[in-house]
Amino acid sequence: MKVVVYSVKSFETEFWALANAKQHDLTLISNELNAETQHYARGKDAVVVTSEDILDATMLLNLKQLGINKIMTRSMDTAHIDLVKAGELNIQIANAPFEDQSPKGLAEQTVRNLNLWGIEKCVGKACCCLNDCAKK
């Protein structure tokens, strides 16, 4: 999958490289996702954000228009994402619900979810979609 990962700190890049092991085409961006940086999502299959990145209805619509159908947050919390609007736009949402919330653990959880999405499977307890789907 082609993925843009927003809000990556310099110390996290090694964790991303190790977790990914060249499975996905990752673009690591140090900037947060906002109106000025959303264009980096063009041509990608998925977007990865943090709880600092606000995905309100407008941002979700913009991402959908850029071709994004999958969004992963590197947090347990999804309060920063308008899940209702994501459902209306048929955008799949996943979080990082597992105990290991270290930068290494979050990178590994994210790549695991990307792997599952890449083979058209549900991400299990990481799934935050409000829509019922046959894959759950």
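Our structure is the block above this text.
Note that this is a predicted model, so its numbers are computed, not measured.

Peer 1: Could you give an account of unusual backbone geometry, with specific residues and numbers?
Peer 2: Even without being glycine, Lys22 reaches a positive phi, approximately 60 degrees. By secondary structure assignment, the location of Lys22 is in the loop between helix H1 (13–20) and strand E2 (25–28). The phi dihedral of Asn90 falls on the positive side, at around 60 degrees, and the residue is not glycine. One can find Asn90 in the loop between helix H3 (83–88) and strand E5 (92–94).

Peer 1: How would you summarise the nonpolar core if you had to cite specific residues and measurements?
Peer 2: Counting residues in hydrophobic clusters, the biggest one holds 22 residues, and the most contacted among them are Val3, Val5, Trp16 and Val123. Those elements that place two or more of their residues in this core are strand E1 (2–5), H1, strand E3 (46–49) and helix H4 (103–118).

Peer 1: For the packing of H1 against H4, give the residues involved together with the corresponding values.
Peer 2: At a closest axis distance of 9 Å, the pairing of H1 and H4 adopts a crossing angle of 35 degrees. Every pair of crossing elements has a handedness; the one defined by H1 and H4 is right-handed. Contact residues: Phe15, Trp16, Ala19 and Asn20 in H1; Pro103, Lys104, Ala107, Glu108, Thr110 and Val111 in H4. The class makeup of the residues in the contact of H1 with H4 is six nonpolar, two polar and two charged.

Peer 1: Summarise helix H2 (residues 57–65); cite the residues concerned and give the values.
Peer 2: For H2, every residue scored as buried is listed here: Met59, Leu60 and Leu63. Viewed along the axis of H2, the buried residues span an arc of 100 degrees, placing them on a single side of the element. The exposed set on the far side of H2, more than 90 degrees from its buried face, consists of Thr58 and Gln65. In this structure, the buried residues of H2 make contact with E3, strand E4 (70–73) and H3.

Peer 1: Which residues make up the sheet that holds E1, and what are the values?
Peer 2: Spatial strand order, E2-E1-E3-E4-E5: five strands in an open sheet with parallel pairing. The sheet is open, and its two edges are formed by E2 and E5, each paired on a single side. The average angle at which neighbouring strand axes cross in this sheet is 20 degrees, direction not considered. Where E1 lies against E2, four bridges are found, and the strand directions are parallel. Among the inter-strand pairings, Lys2 is bridged to a residue of E2, identified as Asp25. Set on the sheet, H4 makes contact with E1, E2, E3, E4 and E5; between it and E4 the angle comes to about 160 degrees.

Conventions adopted
- Numbers given for residues are sequential positions, taken from 1 along each chain in its written order.
- The predicted origin of the model limits local features to residues at a pLDDT of at least 70 and limits the giving and counting of side-chain atom pairs to 80 or more, whereas totals for whole chains, interfaces and linings rest on all residues.
- Hydrogens are left out, water is left out, and the side-chain values use all remaining heavy atoms of the structure.
- Helix numbers and strand numbers start at the N terminus; a helix is a DSSP run of H or I with at least 4 residues, a strand a run of E with at least 2.
- In this text, buried Ala, Val, Leu, Ile, Met, Phe, Trp, Tyr and Cys residues form a nonpolar core when linked through side-chain atoms within 4.5 Å.
- Only protein chains enter the calculation, and the probe is 1.4 Å; a residue is then buried if its accessible area is under 20% of its type maximum, exposed if over 50%, and partly exposed in between.
- Only the stretch in contact is used when fitting a helix axis, every axis being a line fitted to C-alpha atoms; angles between N-to-C directions are given from 0 to 180 degrees.
- Crossings are assigned a handedness: left-handed for a near helix turned anticlockwise from the far helix by less than a right angle, right-handed for a clockwise turn.
- A contact between two residues is defined here by any heavy atoms of the two lying within 4.5 Å.
- Residue polarity follows a fixed list, in which Ala, Val, Leu, Ile, Met, Phe, Trp, Tyr, Cys and Pro are nonpolar, Asp, Glu, Lys and Arg are charged, and the others, Gly among them, are polar.
- Throughout, the arc means that of the directions going from the helix axis to the C-beta atoms.
- Here the rule is simple: two strands pair whenever DSSP picks up at least two bridges between them.

This is a description of form; function is not addressed.
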